[in-house]
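Results of the structural survey
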Amino acid sequence: MKQVVILGSTGSIGTQALEVIDKLDDYGVYALSCGKNIKLLKEQIKKYSPKVVCIEDSSSIKEIKDEFKNLEVLYGIDGLVELAKRSNYDIFLVATNGVVALRATIEAIKNKKQIALANKETLVMAGEIVSKIAKENNINIIPVDSEHSAVLQCLGDFDNKFSKRLYLTASGGPFLNNSRKDMEKFSASDALKHPRWNMGKKITIDCSTLVNKGFEVIEAHYLFDYDYENIKVVIHPQSLVHSMVEFVDGSFIAQMGVASMHIPIQYALTYPKRVEGIKTDSFDIFNQKLEFYKPDYDKFPLLKLTLDCAKKGGIMNTVLNAANEVAVYKFLRGEIKFLDIEKIIFKTIEDTKNIINPSLDEIFEADKLTRIKLK
Ligand code: MN3
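Residues numbered from 1 in each chain as written. Predicted model: local features only at pLDDT ≥ 70, side-chain atom pairs only at ≥ 80, totals over all residues. Heavy atoms only, no water.

1. Here's the deal with the overall build of the protein
Looking only at helices and strands, the protein features 16 helices and 11 strands. Expressed along its principal axes, the backbone C-alpha trace of the protein runs to roughly 60 × 50 × 40 Å. Per-residue burial over the protein gives 58% buried out of 375 residues. A separation threshold of at least 6 residues defines the contact pool for the protein, and within that pool the share at least 24 residues apart is 67%. In the protein, which carries 51 positive and 50 negative side-chain charges, the distance between the mean positions of the two groups comes to 2 Å. (Helix = DSSP H or I, 4+ residues; strand = E, 2+ residues; numbered from the N terminus. Buried < 20%, exposed > 50% of the residue type's maximum accessible area, 1.4 Å probe, protein only. Contact = heavy atoms within 4.5 Å. Lys, Arg positive; Asp, Glu negative; His and termini not counted. Charge placed at Lys NZ, Arg CZ, Asp CG, Glu CD.)

If you want it as structure tokens, here you go:
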């Protein structure tokens with residue numbers, strides 16, 4: 001029986017991961033953690049009987065304890081760290097947003113557990129630190145995101161020596177066929193019409209600016225130890241190919257399938273095996289059209305900026321990520337225009353003095369200061 005810890009169990013990836021576990025033989029839930037959604041957490045406790053839960057703060061401990069007498073309840077970042085250090089589990093699935101789980105993820109790596117990573121900030125903000133610790137502990141971080149899962153599926157294993165280049169596909173977002181002039185007028189509801197994947201509002205905007213794809217290039221760099229020059233972004237409006245690998249003999253291998261997160265989540269839990277597991281809609285290969293284009297950096301300057309910041313390393317992507325988050329939420333609240341998102345980010349990056357080889361504390365500090373400055 002493989003025991004799984006799910007951080008962020010009440011979120012989109014967390015709930016889908018539990019649906020996957022429902023259909024897997026020999027997988028149990030050792031621990032669940034969540035932020036504010038205690039109601040859903042209690043339903044999950046009833047159904048999956050974890051030994052431990054970890055919640056955001058101590059205010060709901062009594063409420064949970066009253067209902068589940070034998071359950072251990074931890075809280076806060078320290079609770080996550082303590083959980084990560086235990087020996088009672090096999091797989092540590094990180095499906096939280098933001099940086100709350102970063103220290104715990106590092107502890108789980110040092111504890112030599114299988115890491116299934118769905119959180120962006122881990123590698124975007126702290127890729128240098130996390131990948132170094134993973135290497136020292138001989139741990140491969142298994143990606144949950146569809147593009148990176150596709151790359152891993154094409155490679156077969158992390159040590160494939162015959163691969164040459166990675167191609168991360170992007171749907172191109174809702175503005176693929178609009179001009180910059182059109183984009184000036186876009187409202188939040190225009191941007192939220194995302195054609196292919198059903199996702200949260202924040203990430204949908206990040207797909208429409210292609211910032212998300214820039215972040216995915218950074219993640220691929222650290223996950224697969226590839227130079228930035230050999231990771232390409234490909235616009236593929238059909239979202240049927242989830243990513244591709246080019247090999248030394250000129251062959252390309254692509255991973256295709258329906259756009260469902262159940263598949264990459266399941267692969268991360270069962271890697272390197274494949275199982276039938278959860279049933280997804282069947283993929284109809286007939287009468288499909290596949291198109292691949294170069295991204296237009298003039299139209300989507302944030303993609304270029306993200307890649308430039310990635311090459312500089314240090315705290316640049318931490319600052320970019322924080323500025324992006326503040327700007328996107330301002331846009332979603334109707335406080336700024338769509339193209340103001342990139343103006344805010346460009347200005348913030350221009351004003352940033354990089355710190356090379358930052359410590360975790362310096363990364364957290366850069367994140368905090370950027371948010372305060374842009375508030
Ligand atoms: Mn993705």
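Continuing now.
2. Some remarks on the pattern of salt bridges
Inspection of the entire model under this criterion finds 26 salt bridges. For aspartate 145, the salt bridge is made with lysine 120, and the minimal N-O distance between the two is 3.4 Å. Here the residue aspartate 145 occupies a position in the loop between strand S7 (141-143) and helix H7 (146-155), and lysine 120 occupies one in the loop between strand S6 (114-117) and helix H6 (121-136), the gap between them amounting to 25 residues. For aspartate 145, a relative accessible area of 18% gives the class buried. Judged by its relative accessible area of 17%, lysine 120 falls in the buried class. (Salt bridge = Lys/Arg side-chain N within 4 Å of Asp/Glu carboxyl O.)

3. Digging into the coordination of the manganese ion
Here the manganese ion is held by Asp145 (OD), Glu147 (OE) and Glu216 (OE), and the distances to it run 2.1 to 2.5 Å. Written as a sequence motif, the donor arrangement for the manganese ion is D-x1-E-x68-E. With a gap of 69 residues between them, glutamate 147 in helix H7 and glutamate 216 in helix H11 (residues 211-224) connect regions that are remote in the sequence. Of the two residues, glutamate 147 and glutamate 216, neither departs from the other in class, the shared state being buried. (Donors = N, O, S within 2.8 Å, 3.2 Å for Na, K, Ca; no water.)

4. Re the packing of aromatic side chains
This model, assessed by the stated rule, comprises eight aromatic pairs. Both rings, one in phenylalanine 158 and one in phenylalanine 224, keep their centres 5.9 Å apart while their planes meet at 20°; by these two values the pair is stacked. Taken together, the residues phenylalanine 158 in the loop between H7 and strand S8 (163-170) and phenylalanine 224 in helix H11 connect sequence positions 66 residues apart. By the burial criterion, phenylalanine 158 is buried, and phenylalanine 224 matches it. Here phenylalanine 158 and tyrosine 271 contribute two aromatic rings whose centre-to-centre distance is 5.9 Å and whose plane-to-plane angle is 75°, an arrangement assigned as edge-to-face. Residue phenylalanine 158 is found in the loop between H7 and S8, and its partner tyrosine 271 is found in the loop between helix H12 (262-270) and helix H13 (301-312); the two are separated by 113 residues along the sequence. Residue tyrosine 271 is classed as buried on the basis of its relative accessible area, which comes to 14%. (Phe/Tyr/Trp six-rings, centres within 6.5 Å; stacked < 30°, edge-to-face > 60°.)

5. What about the packing of helix H5 (residues 102-110) against H6?
In the contact formed by H5 and H6, the axes pass within 11 Å of each other and the chain directions differ by 20°. With respect to H6, the element H5 is oriented roughly parallel. The hand of the H5/H6 crossing is right-handed. The segment H5 lies against H6, with Leu102, Thr105, Ile106, Ile109 and Lys110 engaging Thr122, Ala126, Ile129, Val130, Ile133 and Ala134. Residue classes in the contact of H5 with H6 are distributed as eight nonpolar, two polar and one charged. (Axes fitted to C-alpha atoms, helices over the stretch in contact; angles between N-to-C directions. Parallel < 35°, antiparallel > 145°, perpendicular 65-115°, else oblique. Left-handed = near helix turned anticlockwise from the far one by under 90°. Nonpolar A, V, L, I, M, F, W, Y, C, P; charged D, E, K, R; others polar.)

6. Focus on the domain arrangement of the protein
When the domains of the protein are assigned, the result is domain 1 (2-119) and domain 2 (148-374). Taking only C-alpha atoms, the centre of domain 1 and the centre of domain 2 are 26 Å apart. Across the contact, 18 residues belong to domain 1 and 15 residues belong to domain 2. Overall, the association of domain 1 and domain 2 removes approximately 1,500 Å² of surface from exposure, summing both partners, and the carbon and sulfur fraction of that is 71%. By the criterion of area lost to domain 2, the three top residues of domain 1 are Gln16, Val20 and Arg103, representing 30% of everything that side buries. A salt bridge links aspartate 361 to arginine 103, with the nearest nitrogen and oxygen atoms 2.9 Å apart. In this assembly, domain 1 and domain 2 are joined by four residue pairs in polar contact (both at pLDDT 80 or more). (Domains from an automatic or database assignment. Buried area = accessible area lost by both parts, 1.4 Å probe. Polar contact = N/O pair within 3.5 Å; in protein donor to acceptor, adjacent residues only side chain to side chain.)

7. Section: helix H15 (residues 338-350)
Every α-helix winds through 3.6 residues per turn, so residues three or four apart in the chain are directed the same way. Buried residues of H15: Phe338, Leu339, Asp340, Ile341, Glu342, Ile345, Thr348 and Ile349, and no others. Packed against the buried residues of H15 are helix H8 (180-184), helix H10 (201-208), H13, helix H14 (316-332) and helix H16 (360-374).

8. Some points on the sheet that holds strand S4 (residues 72-75)
Across the sheet, seven strands lie side by side as S4-S3-S2-S1-S5-S6-S7; this open sheet has parallel pairing. Of all strands in the sheet, those with a lone pairing partner are S4 and S7, marking the two edges. Here the average twist between neighbouring strands, direction ignored, is 25°. Strand direction decides the pairing type here: strand S5 (residues 91-94) and S6, joined by four bridges, are parallel. The partner of phenylalanine 92 across the bridge, within S6, is isoleucine 115. Across the sheet, helix H4 (residues 76-84) lies against strand S1 (2-7), strand S2 (27-33), strand S3 (52-55), S4 and S5, angled at about 125° from S4, the strand it touches most. (Pairing = 2+ DSSP bridges.)

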